[in-house]
Structures are given as structure tokens and as C-alpha cells.
Amino acid sequence: MLKFIKYSFFDLVRSYWTIIYFLFYAIVSSAILYFSADMTKSIVSIMNIVIVLIPLVSIIFGTIYYYNSREFTELLLAQPVKRSSLILGQYGGLALSLSLSFIAGLSIPFLAAGILGSEHFLDFLLILLTGTCLSFSMSAIAYMTALRHENKILGFGISLFIWFFLAVIYDGLILLLLVLFREYPTDSLAIIMTLLNPIDLSRVTIMLGLDISALMGYTGAVFLKFFGTIKGIPISILSMLIWIALPAFLMVRIANKKDF
Amino acid sequence: MIEIEGLNKHYGRNHILKDICLDIREPGIYAILGPNGSGKTTLLKSIIGLVNPESGKIEVCGSSVFESHNYRSSISFLPQIARFPENLRIYELIRLIKDIRNEEADETNLLELFNLEPEMKKRLRNLSGGTRQKVNMVLGFLFDTPLIILDEPTVSLDPVALAKFKRLIAAKKKQGKIILYTTHIMSLVEEFSDEIILLLDGKIIFKGGLDNIYKESGENSIENAIASLVDTNGNGECN
């Protein structure tokens, strides 16, 4: 598997899109740091970008990468290799290159702004960790969807719908359920629904770390009340890991049954 | 070397391979022919393990293809479409394939044969379709395997590269390899093939040498012989 991670990483890390993605983060975070003197505000602004952009870019990039390497995957599968190693390796290389662009793009301006000695260093690390988890999770969902659908337009459409559902529709759905069941205790429902969406989960994780109750929203506040910061962050990170492992597991299952 | 029994494969409602039986033991060049959609590529892909058939048995060099992937170390495969990771260079791609197979091989002669040495450091996305097909050839013939499978190998090749490909195939035949290929170029079939396997609607309707196909069809050119056999629709029995 490491061989496949290595090749897809070295292929992708030299792609124009990876470089543009890196430059985008570098320029945007430099601009935010330049215009905002307060580090907390900068981190919150970055969080808002990270939570929208990482899922979208991971979904688009993951789907395109699978369809572009479709023929080469066939050639590799004709070699004496295990399907699961190849597919997980390709996915690993993809998620790693996306994460590296994001980490490097964010770290360079923040290090230059003196985040290392700052009291917000741990908050910044939490953003990097959550963003990396989100990159791995969403690109796994994209890779799994593309593997499942041979028709590129259908696969791409479903991937984009998944992003739209998790990033936009889901919050409305939570709100609707909370209003509908307002006469019942809804704390558990809010927690479960947050755990079931990797994007919401990332937002709540960062919010718990930053400890800004005003920005938490209802789900964040319930999460904090239920678990507290100390327990809340590990639980949400663990849930994020499940959000990586589950699509990766499904990806291997689909690949093993697939006709290439 | 290749033993197939009762192989069936559906794509949705389409029955692509219908109870295929095939036994290839002797070294030589085997052409798999048939109209578009007759199941040629699916048959090749089943042998390589890219396609999961619903029923049947496939053994390559005595090992079942459904049990382990190790049997593929005795196969060289050249896919129909030559697309590679865009940002890698030719020498990196060759190194990658050697690394994956965990096998050493000397590509110098092949690179020289297809005049690829000046292109070695170019990124694969900057290569023309024909040059990519030459790279495909190098990868397909890089390892010394007893079985060589080629899916439409001559697509995009210029006449010079085609002549070199023919020399390469002749040399491999001399070395006692089994070469299995699909093509729509009948002159290539007449020039090279020791045996023809003709597929129609997922069934093998003919298997035999060139002389036999002329005799059975009553025609004297390969195009007409195949057209005649396709028209009469064959008997679909295992040969």
C-alpha cells in the first residue's frame, strides 16, 4: 500500500491544482492575519473558510482524480497486487496531498505571524487536525462514490449533492427537527445529528477548542453541555476518525466487487 | 496455461460471456476477434482478474484467478487506452511498475526500439497519444512473462512503430510465449496469428488456425471468412 500512496502523492503534489489550493490558503490566511489584529478572530475566520472549502475541494478533487486515473488503475490491477492495497493507497496519496496543501498553506503565514509562542497555538493545531480529518473523510466519500458509479456525470453529481446535503441542507434539517420536536427533550437528537455529519462535527470540534460560546449555535452548546470541553474534543475527533474509516471500508468493499 | 470452463458474465441485463470454454496450452499468437460488444475485452479482463464473473473456472499456469493475485506475475498486460499519471515522467513510471511488481527488468532495448530515450524526462501529460502508446508498449513487454495479453495494441501507433511492434511480437513468439491479443486489423491477424478465437454475442463460434477458418467458411480472405461465420452465427460449442 505504501508504494501506491507514494506514487499518487508524488503525482498529485506536482499537479497545478494542488499548488493552487496551497496558494489559496497561503494568500487568504495572510490577508486575514494582515487585516485582523486579533488572533482569535483570525482563527475563527479561517475556521469558516476551512469548513466550507475543505469538503468542497476534497469532494471535487477526489472524484476527478478517480475518474482521471481510471485507465491507469486498470493497468495497476493487472499487476500482482491486492485490490484493497491499490485503492487505499491511491486514496491515501490523494488525501495526503490535499492535507499537505492545506497544512502548508495555513502554517506558513501563521508561523510568520508568531503562532508558535502564542496562547492560541493549540487552537491553531486543532484547526489543522480537524481540517486534515475533514480532508481524509470527504475525499474518502468522493473516492467511494466515484468507484461506485462508472458514469462520470452521475458520480460527480452524487458527490456534489453529498457535499451540498452535508454543508447546507443538513443544518436546515436539524433546525426543522428541533422545531418539530420542540416540546420534547432534543439534546440527544442534536448530539446524534451532529455526530452523523462530518462537517458539523468539525465545526463543533473547533468551536469547543476555541471555547467561544457565542458562535457555537445550539448543537455546539448542547455538545459542550453534554460532554464538556475536555471530553468533547476527544469524542468529536474519534467520531471524525470513524467518518474516515467507514467510507474507506466501504471503498474497499466496492472495489473488491467492482468490474474494472 | 490458460484453462477456462463455463465462464458467464452479465453487465446488467446483458449476458456478455455465455458459458465460455477455452483451453490454451501451446505457445503461439492467439487473436481474439469479434464484432464490437462481442465480449473480447471482458474475456481478457476476466483472465487478468479485472472482471468478476458470476460462474465458471479460470486457471492461469495452474492457479485459479479467483484465489490469489500472485498468478499475475506470470502475465504482462497492455491495456487498450494508454493513460498514465499526468505529472510523472516516463522513467518514474517505469520505476514505479518495477517497484510494484517487485521485479527487475532492463528497459534499455525497448526504449531504444521505440525511440523514447529523448522523452524520458518529459511529464506524461505532455506526450502525444502515439508516444503514450509506445510507453504502453514498453510497459507491456518489460517483464519476461510466459503470458502476454494485449488489448488492441496497434491503436495510435504510427507505421514505423507498428513495424517495430511486429518485430517484437515475432521475437516473443520465438521465445515460446503465449500471446493473446484483440484487434480489428485483419492484415495483422493474417500476418501473425497461429490461432483465431472468434467471439459472437459472448460465445466462441470458432477456434482454430487460419487454414481451418478458410476451410470452414469457404472464403479465401480473413475479412470474408469472419463475416461469413458471423452471418451463419456459429454453433457456440466449446472447442
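Because the structure is a prediction, the values reported are computed rather than measured.

The next subject is the overall build of chain A. Secondary structure assignment for chain A yields 10 helices and zero strands. When the elements of chain A are put in sequence order from the N terminus, they spell out α-α-α-α-α-α-α-α-α-α. Computed over its C-alpha atoms, the radius of gyration of chain A comes to 19 Å, within 12% of the 18 Å expected for a compact globule of 260 residues. Dimensions of chain A along its principal axes, counting C-alpha atoms only, are 55 × 50 × 30 Å. Within chain A, the proportion of its 260 residues that are buried is 44%. Expressed as a percentage of contacts within chain A between residues at least 6 apart in sequence, the contacts between residues at least 24 apart total 80%.

Helix and strand counts for chain B come out as eight helices and 10 strands. Since a compact globule built from 239 residues should have a radius of gyration of about 18 Å, the 18 Å found for chain B is in line with a globular shape. When its C-alpha atoms are laid out on the principal axes, chain B stretches across 50 × 40 × 35 Å. Counting across all 239 residues of chain B, residues that qualify as buried make up 41%. Of the contacts formed within chain B by residues at least 6 apart in sequence, a portion of 69% connects residues at least 24 apart.

What follows covers helix α8 (residues 222–232) of chain B. All names here are of chain B. Among the residues of α8, those classed as buried are Ile-222, Ala-225, Ile-226, Leu-229 and Val-230. All buried residues of α8 fall inside an arc of 130° around its axis, so they share one side. Within α8, the exposed residues directed more than 90 degrees away from the buried face are Glu-223, Asp-231 and Thr-232. Along its buried surface, α8 packs onto β3 (28–33), α6 (186–192), β9 (195–200), β10 (203–208) and α7 (210–217).

This part is about the interface of chain A and chain B. Across the boundary between the two partners, chain A contributes 20 residues, which contact 21 residues of chain B. No other element matches helix α4 (residues 70–77) of chain A, which puts six residues into the side of chain A that touches chain B. Of the residues in the side of chain A that touches chain B, the class split is nine nonpolar, three polar and eight charged.

We now examine the nonpolar core. By size, the foremost hydrophobic cluster in this structure holds 138 residues, and its most contacted members are Tyr-143 of chain A together with Ile-32, Val-138, Ile-149 and Leu-198 of chain B. It is helix α6 (residues 121–148) of chain A that provides the largest number of residues to this core, a total of 14 residues. Not counting residues up to four positions away in its chain, the partners in contact with Ile-149 of chain B are Leu-44, Ile-47, Ile-48, Ile-75, Phe-77 and Leu-180 of chain B.

Turning our attention to the environment of Gly-92 of chain A. Residue and element names in this part refer to chain A. Mapping Gly-92 onto the fold places it in helix α5 (residues 83–112). On the neighbour-count criterion, Gly-92 (21 C-beta atoms within 10 Å) is buried. Taking C-alpha positions, Gly-92 is 8.8 Å from Ala-140, a pair spaced 48 residues apart along the chain.

All names here are of chain B. Overall, antiparallel pairing links the four strands, which are arranged β2-β1-β4-β5 in an open sheet. On the outer flanks of this sheet lie β2 (14–24) and β5 (63–64), each paired with one strand and no other. As paired strands, strand β1 (residues 2–11) and β2 are joined by seven bridges and run antiparallel to one another. Residue pairing in the sheet places His-10 in a bridge with His-15 of β2.

The next point concerns the pairing of β9 of chain B. Residues and elements named next belong to chain B. When you tally the buried positions in β9, you get six out of six residues, the bulk of the element. Burial along β9 is two-sided: the face carrying Glu-195, Ile-197 and Leu-199 and the face carrying Ile-196, Leu-198 and Leu-200 are both buried. Pairing between β3 and β9: four bridges, direction parallel. Bridging from a neighbouring strand, Ile-32 pairs with Ile-197 of β9. Looking at chain direction, β9 and β10 are connected through five bridges and run antiparallel. Bridge pairing in β10 places Ile-197 opposite Lys-207. Count of turn residues in the β9/β10 antiparallel hairpin: two residues, of which Asp-201 carries a positive phi of about 50°.

Of all residues in chain A, 97% have pLDDT values of 70 or greater, and the mean over the chain is 89. The least confident element of chain A is helix α10 (residues 213–257) of chain A, whose mean pLDDT is 83; the most confident is α5 of chain A, at 95.

All names here are of chain B. Chain-level pLDDT for chain B is 89 on average; 97% of the residues reach the 70-or-more range. Of the regions scoring below 50 in pLDDT, residues 235–239 engages in six contacts with residues more than four places distant in sequence or in other chains. For this predicted complex, the interface score ipTM comes out at 0.87, while the overall pTM is 0.88.

To continue, consider unusual backbone geometry. All names here are of chain B. Phi angles above zero are rare outside glycine, and Asn-102 is one such case at about 60°. Along the chain, Asn-102 falls in the loop between α2 (90–101) and α3 (108–113). One non-glycine residue, Glu-152, adopts positive backbone phi at about 50°. Inspection of the secondary structure assignment puts Glu-152 in the loop between β7 (147–151) and α5 (159–174).

How each quantity is defined
Starting from 1, residues in each chain are numbered consecutively following that chain's sequence as written. Each chain is given a letter, starting from A, and each ligand a number, starting from 1, according to the order in which they appear as written. Confidence filtering applies because this is a predicted model: local features only for residues at pLDDT of at least 70, side-chain atom pairs given and counted only at 80 or more, and all residues used for totals across whole chains, interfaces and linings. To qualify as a helix, a DSSP run of H or I must reach at least 4 residues; to qualify as a strand, a run of E must reach at least 2; elements of each kind are numbered from the N terminus. Computation of the radius of gyration draws on C-alpha atoms alone. For the globule rule, the value is 2.2 Å times the number of residues to the power 0.38. Residues are called buried when their C-beta atom has 20 or more other C-beta atoms within 10 Å, exposed when it has 12 or fewer, and partly exposed otherwise; all C-beta atoms are positioned from the backbone. What counts as a contact here is a pair of residues whose C-beta atoms, placed from the backbone, lie within 7 Å. To obtain the arc, one takes the directions from the helix axis to the C-beta atoms. When residues are grouped by polarity, Ala, Val, Leu, Ile, Met, Phe, Trp, Tyr, Cys and Pro land in nonpolar, Asp, Glu, Lys and Arg in charged, and all others, Gly among them, in polar. Take the buried Ala, Val, Leu, Ile, Met, Phe, Trp, Tyr and Cys residues, join any whose C-beta atoms are within 7 Å, and the set you get is a nonpolar core. Pairs of strands are assigned from DSSP output, requiring at least two bridges between the strands. In predicted models, pLDDT denotes the confidence assigned by the predictor to each residue on a 0 to 100 scale.

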